[in-house]
Amino acid sequence: MSAVSIKNVSKEFKGGTKALEDIDLEIEQREFVSLIGPSGCGKSTLLRIVGDLIEPTSGGVTVNGKPARQARHDHDYGIVFQDPVLYDWRTVARNIALPLELAGWDRNRRSQRVDEMLDLVELRGFGEHHPWQLSGGMQQRVSIARALSFDPALLLMDEPFGALDEMTRERLNAELLRIWQASESTIVFVTHSIAEAVFLSTRVVVMSSRPGRVSKLIPIDLSQPRSAATREDPRFFELATEVREALHMGGGYDMPLAATGLSEGAT
Amino acid sequence: MASVAVERPLAEDAPVKRARRRGLLLLAVLVLLWGFWEGFRALGIHYGWQRPFTVDATSMPHIHDMIWALFQRPNPEAPLLIVTLLKAAAFTGREAALGFAMGATGGFAIGALLAHSRMLQRGLLPYVVASQTIPILAIAPMVVIWLASVQVTPWVSVAVIAAYLTFFPVVIATIRGLQAADHRAVELMRSYAANRWTVLWKLRFPMALPFLFSALRISATASIVGAIIGEQPSSIAGGLGGAILNFAQYYSFQPQNLWATNIIAAALGIAFFLVVVAAEKLVVRRAPEHVA
């Protein structure tokens, strides 16, 4: 049974903007799938449809054989956004415990699980801190711990490391892979970064924009577990090139200004 | 790796230092105001100023006379003025506290209801606003008459009048605060299949607290004003409202007594305000940028 099965999904927003058109995608259990594409290709929208946070205009999504809504009510999703979205009136520990509270876990089980999670994301000793006392990278680790705390079958991540510096990002990439291998979760990951997509994924889904479509599926056959050495593997560059070419074919990648050589002052 | 951005705990004596600096500032401002009052008075009397008002010993008694008056007997049989005024303040304080509690609770309930539904908000908010444009002096006698007809004790009627002056800022702040939650924070709750009540209590309400406390600060002082004004149509003599009426009648003979009463009324307002601030410190655990 597929972890996620997306069938004929289209999404049109009010005002007639076509965000997604005829998306078909099967994601197997334990896969790590990245959605990559230019801004406006609807990759975040697709992620939200999978998570039943918004509804598709047509088509449907099943998660582990269940309709997305049922899966949401069964607490099958863990979600991580680009911003950590921590509740700053709660301590780190109580932020991680939030989904457990809502799922009705008792206090002892909660605190035991929170300790395990703090260990998992290497934040032991920070449970009683408040979010604003942590750095951005640490906050994002708390948000990952919160998403994983209840062992969701499916982890949905929307550019979770997009706001972090490159160094922190690479370190958290490695941590995420470790966490993924230690858990039973399937991950759907939205990113802007080719290197990140190739490094993390078992499969990269390249999307094109206006309207959002799947333009290419690229299996990533780099060996597991991956490490810093993976980033220097010639195969890594081949795959990154393949993704980049697929992106360009799919109607142009919105290059950030800095990457085009037109830095500030040149415009 | 983990030690980067953790805030260093403040040095042991920092709070003491801060408190001392604050106290000094307060004192400096007090001295400044005192100097301004006495300076203005002296100049006004010397040059015979008629604008913005006639300055003389009656319109502007010495501040030390006001304070001195607190420790005098207004007439030979009466207790010290400060004793009378503190009793009056306790009486008015009780009315204001009940009024504040009713106004804050009612205001929150109305605000929560209006935040819940855009339609209700469009339909009812104009009337909530309109309620505040009717002068309290017009409402107060009606409240007193209505409640007296159902045997409500007069001081409780006064509390209801105070509540009327208190609830409005709380309504506005509640609506604003309950809708202040970031949409991703709401999505997160949605992903946990949380129902409306859970979202309200675990997300929207804590998010609204800083807004709510800003309103409560306003309401705390307004409740005193409401209680003082409410005492007049209820013909309650034992409160600050009664004292103000009484001393206003004798103003031309003993102006310092009315001023002394005002000082006590102001002190009561400040005390209420500080209670709210202290409660806020206890309750609101937010990032520094979210705390007023």
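For clarity, every value in this text was computed on a predicted model and none was experimentally measured.

**Let's talk about the confidence of the model for chain A**
Residue and element names in this part refer to chain A.
- On average, residues of chain A carry a pLDDT of 87, and 93% of them reach 70 or more.
- Of all the helices and strands in chain A, helix α6 (residues 166–182) carries the lowest mean pLDDT, 86, while strand β3 (residues 32–36) carries the highest, 95.
- Scored below 50 in pLDDT, residues 252–267 shows eleven contacts in the model against residues more than four places distant or in partner chains.

**So, the pairing of strand β4 (residues 58–63) of chain A**
All names here are of chain A.
- Where strand β1 (residues 4–12) lies against β4, five bridges are found, and the strand directions are antiparallel. Each residue of the ladder has a partner; that of Ser5, found in β4, is Thr62.
- Strand direction decides the pairing type here: β4 and strand β5 (residues 66–67), joined by two bridges, are antiparallel. Bridge assignment links Thr62 to a residue of β5, and that residue is Pro67.

**What about the interface of chain B and chain A?**
- Counting from both sides, the interface comprises 22 residues of chain B and, opposite them, 24 residues of chain A.
- Looking at the side of chain B that touches chain A, the elements with two or more residues in it are α7 (183–191) and α8 (196–231) of chain B.
- If you tally residues by element for the side of chain B that touches chain A, the top one is α7(B), at six residues.

**Notes on the domain arrangement of chain A**
All names here are of chain A.
- Domain parsing of chain A yields domain 1 (4–76 + 154–258) and domain 2 (84–151).
- Look at where the C-alpha atoms of domain 1 and domain 2 centre, and you get two points 25 Å apart.
- Each side of the interface is counted separately: domain 1 has ten residues, and domain 2 has eight residues.
- At three residues, the largest contribution of residues to the side of domain 1 that touches domain 2 is made by α6.
- Considered class by class, the residues forming the side of domain 1 that touches domain 2 number seven nonpolar, three polar and no charged.

**With respect to the pairing of strand β7 (residues 154–158) of chain A**
Residues and elements named next belong to chain A.
- Of all five residues in β7, five are buried; the element is thus mostly enclosed.
- Where burial is concerned, the two faces of β7 agree: the one with Leu154, Leu156 and Asp158 and the one with Leu155 and Met157 are both buried.
- Looking at chain direction, strand β6 (residues 77–80) and β7 are connected through four bridges and run parallel. Paired with Tyr77 across the bridge in β7 is Leu154.
- As paired elements, β7 and strand β8 (residues 186–191) share five bridges and run parallel to each other. Bridge pairing in β8 links Asp158 to Val190.
- On the question of chirality, the crossover connecting β7 to the parallel β8 by way of α6 is right-handed.

**Concerning the environment of Met249(A)**
- Positionally, Met249(A) belongs in helix α8 (residues 234–249).
- Sequence-wise, Met249(A) and Ser208(A) are 41 residues apart; in three dimensions their C-alpha atoms are separated by 8.5 Å.

**A closer look at the sheet that holds β6(A)**
Residues and elements named next belong to chain A.
- Pairing in this open sheet of six strands is mixed, and the strands run β6-β7-β8-β3-β9-β10 from one edge to the other. With one partner strand each, in any of the chains shown, β6 and β10 (213–219) form the two edges of the open sheet. Across this sheet, the average inter-strand angle for adjacent strands is 20 degrees, counted without regard to direction.
- In this fold α8 packs onto β3, β9 (203–208) and β10, with an angle of close to 170 degrees to the strand it touches most, β10.

**Some words on the confidence of the model for chain B**
Residues and elements named next belong to chain B.
- Residue-level pLDDT values for chain B average 89, and 94% of them are 70 or greater.
- The secondary structure element of chain B with the lowest average pLDDT is helix α5 (residues 136–149), at 88, and the one with the highest is helix α3 (residues 81–116), at 94.
- Here the predicted complex scores 0.80 on pTM and 0.81 on ipTM.

**Considerations on the domain arrangement of chain B**
- If you check the domain split of chain B, you get domain 1 (15–60) and domain 2 (81–290).
- For domain 1 of chain B versus domain 2 of chain B, the separation of C-alpha centres amounts to 30 Å.

**Details of the packing of α3(B) against helix α9 (residues 240–249) of chain B**
Residues and elements named next belong to chain B.
- Put simply, α3 and α9 touch, their axes get as near as 8 Å, and they point 135 degrees apart. On the basis of the axis angle, α3 is oblique to α9. In this structure, α3 contributes Thr84, Leu85, Ala88, Ala89 and Thr92 to the contact, and α9 contributes Leu240, Gly241, Gly242 and Ala243.
- Tallied by class, residues from the contact of α3 with α9 come to five nonpolar, four polar and no charged.

**As for the sheet that holds β5(A)**
Residues and elements named next belong to chain A.
- A sheet is described by the order of its strands in space; here four strands give the open sequence β2-β1-β4-β5, paired in antiparallel fashion. The open sheet is flanked by β2 (18–27) and β5, the only strands paired with a single partner.
- Across the face of the sheet, helix α1 (residues 43–50) comes into contact with β1, β2 and β4 while running at roughly 120 degrees to β1.

**Observations concerning the environment of Ala68(A)**
Residue and element names in this part refer to chain A.
- Tracing the backbone through its elements, the reader meets Ala68 in helix α2 (residues 68–73).
- Among the residues examined, Ala68 registers 23 C-beta atoms within 10 Å and is labelled buried.
- Counting along the chain gives 136 residues from Ala68 to Val204, while the straight-line C-alpha distance between them is 22 Å.
- Sequence-distant contacts of Ala68, that is, excluding residues within four places in its chain, are made with Val50, Asp52, Val61 and Val63.

Rules and cut-offs
- Residues numbered from 1 in each chain as written.
- Chains lettered and ligands numbered in written order.
- Predicted model: local features only at pLDDT ≥ 70, side-chain atom pairs only at ≥ 80, totals over all residues.
- pLDDT = per-residue confidence, 0-100.
- Helix = DSSP H or I, 4+ residues; strand = E, 2+ residues; numbered from the N terminus.
- Contact = placed C-beta atoms within 7 Å.
- Pairing = 2+ DSSP bridges.
- Domains from an automatic or database assignment.
- Nonpolar A, V, L, I, M, F, W, Y, C, P; charged D, E, K, R; others polar.
- Buried ≥ 20, exposed ≤ 12 C-beta atoms within 10 Å, placed from the backbone.
- Right-handed = clockwise from strand over helix to strand, strands pointing away.
- Axes fitted to C-alpha atoms, helices over the stretch in contact; angles between N-to-C directions.
- Parallel < 35°, antiparallel > 145°, perpendicular 65-115°, else oblique.

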